[in-house]
Amino acid sequence: MALIKAFFFFFFFFTIFFSNIITSQPIPKFTSILVFGDSTVDTGNNNHILTIFKGNHPPYGKDYPNHSPTGRFSNGKLVPDILALLLKLKKNGVPPYMQPDLPPNELLTGICFASAGSGYDELTTIISGAIPMRKQLDYFKEYLKKIKEVVGEREAERIVNGALVIVSAGTNDFVFNFYDLPKRRLQFSLSKYQDFLLDKLQNFVKEIYDLGCRSIIVNGLPPIGCLPIQMTAKSPLLRTCIKKENFDAQLYNQKLEHLLLKLQAHLPGSKIIYVDSYALVADLINNPQEYGFEETKRGCCGSGLLEAGPLCTTLSPLCSDPSQYIFFDSIHPTESTYYKITEYLVKDLLPKFSRIGNP
């Protein structure tokens with residue numbers, strides 16, 4: 001009986017969600033979904049590497065199918081998972097590339113290379129032990145060889161050309177290297193460090209383009225100063241967003257948006273779209289009741305002030321309803337927040353893609 005109730009709740013929720021994001025513009029048909037970045041899009045790669053940055057224990061995954069932790073740093077699905085379901089590429093979420101014994105059909109319709117704690121700056125992953133963006137690129141090259149062995153070179157090229165590619169990183173670079181552990185601050189001004197990261201991002205996008213990717217969305221920085229853990233460190237009593245960090249994020253995002261326009265102009269046949277996650281998350285934080293949220297300044301796990309990763313465990317008390325929280329732990333959003341982000345992507349961004357060929 002409980003299983004039947006759960007099924008009907010899941011079906012009802014998805015029916016309501018999908019009906020709310022119907023757009024007058026057609027959504028292109030993608031062949032696959034390929035994901036690079038950090039914990040915002042890591043579907044479980046860190047389960048298989050040596051790092052303390054893991055989400056493979058409760059209460060992570062409490063609202064994921066089967067209520068089991070998967071390595072996702074949330075109570076449920078992430079944006080790539082929700083998109084893959086909506087685009088009918090996956091029946092379940094996007095699997096992590098590091099998962100052993102993945103069947104070939106899973107490789108063909110989408111894979112995740114992202115790693116919690118990663119960033120564009122190599123120094124970031126030295127601190128976190130995550131998979132660097134450079135190594136994620138190496139795994140992508142390895143992946144290309146694997147799918148060519150399965151379907152042949154021509155079909156593999158078609159799959160990659162028609163894939164929706166998600167790139168989401170950058171927050172860890174600033175938090176680990178500039179704000180909380182100021183190693184790069186001793187070498188760079190803020191503006192120079194932003195340019196340093198953007199140069200690495202530009203090279204990354206060029207390389208995946210050279211390997212066949214054409215439809216790429218690149219996520220901007222969120223309002224870093226509004227992460228509960230940043231407020232705990234710098235505004236523990238008032239719990240107000242750190243204006244300087246938010247201003248820095250907005251400046252970086254302006255540079256990123258301009259860079260992506262230039263990149264697209266120089267990469268024939270590409271469509272590279274900037275995701276303004278700052279504006280979206282800031283709107284959720286500033287107008288929570290319009291979106292069904294109640295708590296914006298702390299996470300659902302534990303005190304919500306500093307718990308994340310190894311500090312968010314079964315010993316941590318948990319809020320009664322994560323859907324009313326923007327953050328699940330002191331850093332990462334809830335599944336409900338990720339649904340809001342997906343709605344924005346589907347309504348406003350995905351229709352902008354013009355397809356290359358006929359996937």
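All values reported here derive from a predicted model rather than from experimental measurement.

Novice: So what's going on with the state of the cysteines? Residues and values would help.
Specialist: In the structure shown here, the tally under the stated rule is 3 disulfides. Disulfide pairing is shown between Cys226 and Cys241; the S-S distance is 2.1 Å. Taking the torsion about the S-S bond as the criterion, the Cys226 to Cys241 disulfide, at about 115°, is right-handed. Pair noted here: Cys226 is in the loop between strand E4 (215–219) and helix H9 (228–234) and Cys241 is in the loop between H9 and helix H10 (243–266), with a separation of 15 residues, a long-range link. Accessibility expressed as a relative area gives 7% for Cys226, which makes it buried. For Cys241, a relative accessible area of 27% puts it in the partly exposed group. The disulfide that involves Cys301 links it to Cys312, with 2.2 Å between the sulfurs. The sign of the 120° torsion about the S-S bond sets the Cys301-Cys312 disulfide as right-handed. One end of the pair, Cys301, is in the loop between helix H11 (277–286) and helix H12 (335–349); the other, Cys312, is in the loop between H11 and H12, with 11 residues separating them in the sequence. By the burial criterion, Cys301 is buried, and Cys312 matches it. Numbered by position along the chain, the disulfide-linked cysteines of the chain connect as 1-2, 3-6, 4-5. For the unlinked cysteine Cys112, the closest cysteine sulfur is that of Cys213, found at 14 Å.

Calculation criteria
- Residues numbered from 1 in each chain as written.
- Predicted model: local features only at pLDDT ≥ 70, side-chain atom pairs only at ≥ 80, totals over all residues.
- Heavy atoms only, no water.
- Disulfide = S-S within 2.5 Å.
- Helix = DSSP H or I, 4+ residues; strand = E, 2+ residues; numbered from the N terminus.
- Buried < 20%, exposed > 50% of the residue type's maximum accessible area, 1.4 Å probe, protein only.

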